Amino acid sequence: FKKKFNIEPDKIIYLFYEGNDLQDDLLYFNNYNNIIKIKNVIRYYLPIITIIKRFIGDLIYSKINKKIELLNLNLQSPPIELNKKEINISLNILFNTLIKLQKDTREIILVYIPSHTIALDLQNPAVVEKYFQTNISNFTYSEESELISKLIKLEIKNFSMSHNLKFIDMTDILKKKSLELKIY
C-alpha cells in the first residue's frame, strides 16, 4: 500500500501462523525464480484475480463444510519437517520482513496463531500436512508439536521484545475456544 498509495499506516497487525508460514518462507527462499517474480507482479498490479480465486475457493470449501461434519483433510502442525537450520532461515526471513515493515509504521502488533495440532485437543498420533518430500512421517505427537511450537514462539517473542513490537499469543485463547467450538 505504501508503494501504491504513498501512505504510512500508524499500525500494522501482522498475523503469524505457525501451521505453514515458516515452510512457505523456506519454499519461496529455495525456489525463487522468474516465474515467481512474474506471478508476484501480477498479484501486485492485479490483486482482483487473487481475490476472486480465493473467494471461489472459499465458496467450494463452505459447501463441503456444510455437507460434511468432519472434513477429511490433513491438519497443519508446527514445522515438524524442518530442521533447526531451516527453521532459523525461515525465522530470519520473518524477522527481516518485520524490520523492513517497522520503517513504515509507528507500531507493529505481531499476533501468533497456533496450528491445528496445538489448538485442538487431538488424540495421538495426528496425521498432518507435509510440504516437503522428506522421509519424515506425516504423523505427529502432541508432545513433539508442543515443543516445536514453544521454541518457535519463544524465538518470535524474544525478537518482538528486542525490536519493540507488541506480541500477542493466541494459543491459550484458541485452545480454550476449541473445546466449545469447531474453530478450525
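Residues numbered from 1 in each chain as written. Predicted model: local features only at pLDDT ≥ 70, side-chain atom pairs only at ≥ 80, totals over all residues. Heavy atoms only, no water.

**Thoughts on helix α7 (residues 142-162)**
Here α7 contains 21 residues, and its C-alpha end-to-end distance of 30 Å stays within 8% of the 30 Å for a straight helix at 1.5 Å per residue. Asn164 occupies a position one or two residues after α7 and carries a positive phi of about 60°. (Helix = DSSP H or I, 4+ residues; strand = E, 2+ residues; numbered from the N terminus. Expected span 1.5 Å × (residues − 1).)

**Considerations on the packing of helix α5 (residues 84-102) against α7**
Remark: α5 packs on α7, axes separated minimally by 11 Å, with the N-to-C direction vectors making an angle of 30°. Looking at the two axes, α5 sits roughly parallel to α7. Handedness of the crossing formed by α5 with α7: right-handed. On α7, the residues touching Lys84, Ile87, Leu91, Leu94, Phe95, Leu98 and Ile99 of α5 are Ile152, Glu155, Ile156 and Phe159. A breakdown of the residues in the contact of α5 with α7 according to their chemical character gives nine nonpolar, no polar and two charged. (Axes fitted to C-alpha atoms, helices over the stretch in contact; angles between N-to-C directions. Parallel < 35°, antiparallel > 145°, perpendicular 65-115°, else oblique. Left-handed = near helix turned anticlockwise from the far one by under 90°. Contact = heavy atoms within 4.5 Å. Nonpolar A, V, L, I, M, F, W, Y, C, P; charged D, E, K, R; others polar.)

**Details of the sheet that holds strand β1 (residues 11-17)**
Strand-to-strand pairing in sheets goes through backbone hydrogen bonds, with the strands running parallel or antiparallel. Here three strands make up an open sheet; going across it, the order is β1-β2-β5 and the pairing parallel. Where the open sheet ends on each side, the last strands, each with one partner, are β1 and β5 (166-169). Averaged over all neighbouring strand pairs, the angle between strand axes comes to 20°, with direction disregarded. Bridge count between strand β2 (residues 107-113) and β5: four bridges; the pairing is parallel. Directly across from Val111, in β5, lies its bridge partner Ile168. (Pairing = 2+ DSSP bridges.)

**Digging into the nonpolar core**
By size, the foremost hydrophobic cluster in this structure holds 20 residues, and its most contacted members are Phe16, Leu22, Leu91, Leu94, Leu98, Ile152 and Ile156. Those elements giving two or more residues to this core turn out to be β1, α2 (21-31), α5, β2 and α7. For this core, the element with the highest residue contribution is α5, accounting for five residues. Each residue touching Leu94, except ones within four places of it in the same chain, is listed here: Tyr14, Phe16, Asp25 and Ile156. (Core = buried A, V, L, I, M, F, W, Y, C linked by side-chain atoms within 4.5 Å. Buried < 20%, exposed > 50% of the residue type's maximum accessible area, 1.4 Å probe, protein only.)

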